[in-house]
Structures are given as structure tokens and as C-alpha cells.
Amino acid sequence: AQKVTQAQTEISVVEKEDVTLDCVYETRDTTYYLFWYKQPPSGELVFLIRRNSFDEQNEISGRYSWNFQKSTSSFNFTITASQVVDSAVYFCALRGYSGAGSYQLTFGKGTKLSVIP
Amino acid sequence: DTAVSQTPKYLVTQMGNDKSIKCEQNLGHDTMYWYKQDSKKFLKIMFSYNNKELIINETVPNRFSPKSPDKAHLNLHINSLELGDSAVYFCASSHGTPNTEAFFGQGTRLTVV
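What comes next is a walk through the structure. (Residues numbered from 1 in each chain as written. Chains lettered and ligands numbered in written order. Predicted model: local features only at pLDDT ≥ 70, side-chain atom pairs only at ≥ 80, totals over all residues. Heavy atoms only, no water.)

**As for the overall build of chain A**
Counting its secondary structure elements, chain A contains zero helices and 12 strands. Going from the N terminus to the C terminus, chain A shows its helices and strands as β-β-β-β-β-β-β-β-β-β-β-β. Rg of the C-alpha trace for chain A: 14 Å, near the compact-globule value of 13 Å for 117 residues, within the 12% margin. Seen through its principal axes, chain A has C-alpha atoms that stretch 50 × 30 × 20 Å. Every one of the 117 residues in chain A was classed for burial, and the buried ones make up 48%. For chain A, the computed accessible surface area is about 5600 Å², with 48% contributed by carbon and sulfur atoms. Looking at charge distribution, chain A has the averaged site of its 11 positive side-chain charges lying 6 Å from that of its 12 negative ones. (Helix = DSSP H or I, 4+ residues; strand = E, 2+ residues; numbered from the N terminus. Rg over C-alpha atoms; globule rule 2.2 N^0.38 Å. Buried < 20%, exposed > 50% of the residue type's maximum accessible area, 1.4 Å probe, protein only. Areas by Shrake-Rupley, 256 points an atom, 1.4 Å probe, with all protein chains shown as cover. Lys, Arg positive; Asp, Glu negative; His and termini not counted. Charge placed at Lys NZ, Arg CZ, Asp CG, Glu CD.)

**Thoughts on the layout of surface pockets**
In this structure, the largest pocket encloses a volume near 630 Å³. Around the largest pocket, the lining is made up of 35 residues, and of these A:Gln39, A:Val89, B:Gln37, B:Lys41 and B:Arg109 lie nearest the centre. When residues of the lining of the largest pocket are traced back to their parent elements, those giving at least two are strand S10 (88–99) and strand S12 (111–116) of chain A together with strand S9 (87–94) and strand S11 (108–112) of chain B. Residues of the lining of the largest pocket, tallied by class, amount to 10 nonpolar, 17 polar and eight charged. Each pocket or cavity is described by its volume, and for the second largest pocket that value is around 180 Å³. Along its surface, the second largest pocket is lined by 13 residues, and B:Lys36, B:Lys44, B:Met46, B:Thr59 and B:Val60 are the ones closest to its centre. The leading source of residues in the lining of the second largest pocket is strand S5 (residues 43–50) of chain B, at three residues. Classifying every residue of the lining of the second largest pocket by side-chain character gives seven nonpolar, one polar and five charged. (1 Å grid on protein atoms, 1.4 Å probe; cavity = no way out; pocket = protein on both sides within 12 Å on 5 of 7 lines; lining within 4 Å. Points joined across faces, edges and corners; volume = space filled by probe spheres on them. Nonpolar A, V, L, I, M, F, W, Y, C, P; charged D, E, K, R; others polar.)

**A word on the environment of B:Gly107**
Residues and elements named next belong to chain B. As for its position among the elements, Gly107 is in the loop between strand S10 (103–104) and S11. C-alpha of Gly107 to C-alpha of Ser5: the two residues are 102 residues apart in sequence and 8.5 Å apart in space. Aside from chain neighbours lying at most four places away, what touches Gly107 is Gln6, Pro8, Lys9, Val88, Tyr89 and Phe90. (Contact = heavy atoms within 4.5 Å.)

**Some remarks on the state of the cysteines**
Covalently bonding the sulfur atom of one cysteine to the sulfur atom of another cysteine gives a disulfide. Counted by the stated rule, this structure contains two disulfides over all chains. The residue that forms a disulfide with A:Cys23 is A:Cys92, at a sulfur-sulfur distance of 2.0 Å. Residues A:Cys23 and A:Cys92 are joined by a disulfide whose S-S torsion is about -65°; by sign, that bridge is left-handed. Here A:Cys23 is found in the loop between strand S3 (19–21) and strand S4 (24–26), whereas its partner A:Cys92 is found in strand S10, with 69 residues between them in sequence. Grouping residues by exposure puts A:Cys23 and A:Cys92 together as buried. One disulfide in the model links B:Cys23 with B:Cys91; its S-S distance is 1.8 Å. In this structure, the disulfide formed by B:Cys23 and B:Cys91 twists by about -75° around the S-S bond and is classed as left-handed. Of this pair, B:Cys23 sits in strand S3 (residues 19–25) while B:Cys91 sits in strand S9, and the two are 68 residues apart along the sequence. Judged by relative accessible area, which is 1%, B:Cys23 ranks as buried. (Disulfide = S-S within 2.5 Å.)

This is the structure:
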């Protein structure tokens, strides 16, 4: 069974502050894949990043960075110098083997980030 | 040139009606999904289709039935709609390998009155 936990339901920050969104996962698979998606107020789901379980290198993309730590089963997401446009619900997701040749994508419950100007 | 498109975007209907939501992807993916997002934003997978075969069917009422006429389409039929079916339904697609992301449609907001 797979599980993704995003303990922070809602976070509010003032513009230009840094913010970290936490994600903890559970899986029995040795190979799995982690994702972050963004859902802005307009409602669409936007893919942000994918990380393989065997690649623990952190990644930085502009103001976004991701910290994958297999030892603590965490895949945290940091936004540096937050902007109002970052306001959205952010979902962490795990894709692992779910039997019968399929790989199910399991989502956390999301963290709603509000960036206040 | 939308990658995953679903129609309609909004659907308001009365209890007891039957309705369909259409989904098409032009990404050449071989796996398509339907997700339900409830009022608390929780995303739950409903169905997954790989090469026109249902491979995941979570505990979804049998009033919901996916129909895939071909690899590029996965439509969702809902019979005897209930108030609790009100939600946003997302179609998605991906390659069949696990190391690929899923791309989502814009969602269909279903309101049952």
C-alpha cells in the first residue's frame, strides 16, 4: 500500500518569504517515483517535478527547489522569495507498483499556499 | 493543440439523470485515468485504462463506467446521478511506464442538484 502525507493543510506567507512544503511518503517498493503538482485557483493541475527513488540529488529550478531524503521518506518542496502567483494548492504524489502490471499515482491531500502581498 | 482535453468544463444536472464526460489526449500515451476531486481538494483515482483494458478500479459505485473507444479517448459515464457525485472530475494520461508524469485535463465541475 502506498501513502502520501502532506501534514500542512494551509500555509500563509508574506511575499518574498521562503516557504517549505512538506511531503512524507510510505511504500514497500524499492523503485518508485515522486512528483509535485501545482493547482492554481483556475483549477488545472500542473506538473512541476518528477524524482526517481534511486536519485537523491536535490534539484533547483529558478525559485523552486526540492529536497529528497530517502532515509526519512521525505520529498520537500521549497519556494524561495515567494510571489503572489505562487498561491495555489500543491500536491505531492507517489507512483509505485500497484499490481497487475500497473503503476498507480497516489496523491497527498495537498497544501494550500497563500502568498500575501 | 491541447494535450488532454475534457468536455464539458461545467455540468449541472438533476439527481437521477445520466451524464457523460468526454476525454481525449493527443500525446500518444497508452494509459488514461479518471480522478475525482472532492470539496476538500482530495484527489482520488477512480479508473485507469491501459491499452483499452481496465487495470485499476477503485471502490467506485458501478453507476460510474469508463468507456474507451480507442487509446486516445476515455469517457466517463455516470448513471442515476446523486448529490454526492458533485465534484471536479479530472481526466489524465501518461505513458505506461512508472517513471513518467501524468498530464491532466482542465477538469469538469459536476454539480448535481
